[in-house]
Amino acid sequence: MSGRSPGEAVWKFSEIVAIPAVRERWEKVRRYFFLRESTYDMTHRCNIRCDGCYYFNGEKQFAAENNDPAAWRALMAAEKERGITFAVLAGAEPSLVPELCRVCAETIPLGAIATNGLTTIPREIDYRIHISVWGNDATSKAIRKAGHMLDRQIANYQGDPRAVFVYTFTPQNILEAAEVTRRLALCGQRVTFNMFSAPVGYAGALRHTSQSLAATAEMMACLLADYPESVLFSPYNIVAHTHVLGLHALYSCSYPRMNPSTAVGLGRSFRQYRTDLQWDRGAACCVPDTDCADCRHYAAGSAVVTARMYRHATDPDTFSAWLDYVDTYLAVWVRGYDKGPNLCDHPVTPPPDGQ
């Protein structure tokens, strides 16, 4: 797409966005630059217990649980007042406290809920629903201690336009992704991809290696090609999340836990509230207690990669790859946003810092 030979003058941003397809996508995504997220642990209860769970690591699991809808409504009103426009509800399992999720959605209308999908979230809570999948039913039984999990998840969210299934790749379930994605596609479900990112101190078999990262990248590319109508992903998503370097090393993490600046962006606005409605800036990130050096989490990338727009505005291919990433992120996270065709159909090397 670049149309220039090596050694020619560098591209100006105005020249890049003058390309019709790039301009159209740029105008589409920039309308959502008003999004400002924070995350909220809704409960410390869960109906399953998974190996390598992020929630049951660190101190947040021991926070007292505030189940008062009025307190949650006051918190969300204060969050809206300070400029938060997007709420990510997580915890252990937020579907166990639907009345609190309803309060959040009534106050901040844009948001997403991370759930294991075993309990149906009422339809009037019109957030994106992210349903975690860690393999086929046999693997889910072994790792998540829940039988027939995919069957139950699909049954609970069949025909639900809020649902996005999030397949988390581990070294052990790479081949299973083909059968799971095929089944989800046949059921009319949308699916995106995540990478297992080890919690602090985790030494189990789910931590990725350079070999498993390469194998995952190959599988993701095959599934994206085979199921373009069902898979919400792009070639640059594959690069960013399966690189031997983690997201922080590639892009410099914007979340307060790794970013001391309070001047702009997530360093100023992001908070991660625990079940007692308190937050700790020193621990605040989208997936607390992750080993930052190993972080390739889809939720982290949604903010970390998208925040590096100017680093990618060097030529049409690199900027198109970034636009594909943002287009994917919005389709995954924002209810009612439809992903377009990827502009860049090949891998692009992440640009270095300072570019």
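Reading the values: the criteria
- Residues numbered from 1 in each chain as written.
- Predicted model: local features only at pLDDT ≥ 70, side-chain atom pairs only at ≥ 80, totals over all residues.
- Heavy atoms only, no water.
- Helix = DSSP H or I, 4+ residues; strand = E, 2+ residues; numbered from the N terminus.
- Rg over C-alpha atoms; globule rule 2.2 N^0.38 Å.
- Buried < 20%, exposed > 50% of the residue type's maximum accessible area, 1.4 Å probe, protein only.
- Areas by Shrake-Rupley, 256 points an atom, 1.4 Å probe, with all protein chains shown as cover.
- Lys, Arg positive; Asp, Glu negative; His and termini not counted.
- Charge placed at Lys NZ, Arg CZ, Asp CG, Glu CD.
- Contact = heavy atoms within 4.5 Å.
- Phe/Tyr/Trp six-rings, centres within 6.5 Å; stacked < 30°, edge-to-face > 60°.

1. Considering the overall build of the chain
And then number 1: Scanning the chain for helices and strands turns up 14 helices and 7 strands.
And then number 2: On C-alpha atoms alone, the chain measures out to a radius of gyration of 20 Å, which is about the 20 Å that the 2.2 N^0.38 rule sets for 355 residues.
And then number 3: With the C-alpha coordinates of the chain rotated into their principal frame, the extents come out at 60 × 45 × 40 Å.
And then number 4: The proportion of buried residues among the 355 residues of the chain is 56%.
And then number 5: Total accessible area on the chain is roughly 14,500 Å²; 54% of this is exposed by carbon and sulfur atoms.
And then number 6: In the chain, the 36 positive side-chain charges and the 37 negative ones have mean positions that sit 3 Å from each other.

2. Some thoughts on the side chain of Asp 294
And then number 1: Within the secondary structure, Asp 294 sits in the loop between strand 7 (272-273) and helix 12 (298-304).
And then number 2: We classify Asp 294 as buried; its relative accessible area is 7%.
And then number 3: For Asp 294, the residues in contact, after removing those within four places along its chain, are Phe 196, Ser 197, Ala 198 and Arg 207.

3. Comments concerning the packing of aromatic side chains
And then number 1: A complete count under the given rule lists 17 aromatic pairs for this structure.
And then number 2: Each ring, one from Tyr 32 and one from Tyr 337, has its centre 5.1 Å from the other, and the planes form 85°; the classification is edge-to-face. One end of the pair, Tyr 32, is in the loop between helix 2 (20-30) and strand 1 (37-41); the other, Tyr 337, is in the segment after helix 14 (316-333), with 305 residues separating them in the sequence.
And then number 3: Residue Tyr 32 is classed as partly exposed on the basis of its relative accessible area, which comes to 23%.
And then number 4: With 5.1 Å between their ring centres and 70° between their planes, Phe 193 and Phe 233 make a pair best called edge-to-face. Taken together, the positions of Phe 193 in strand 6 (residues 191-195) and Phe 233 in the loop between helix 8 (210-226) and helix 9 (235-242) put the pair 40 residues apart, joining distant regions of the chain.

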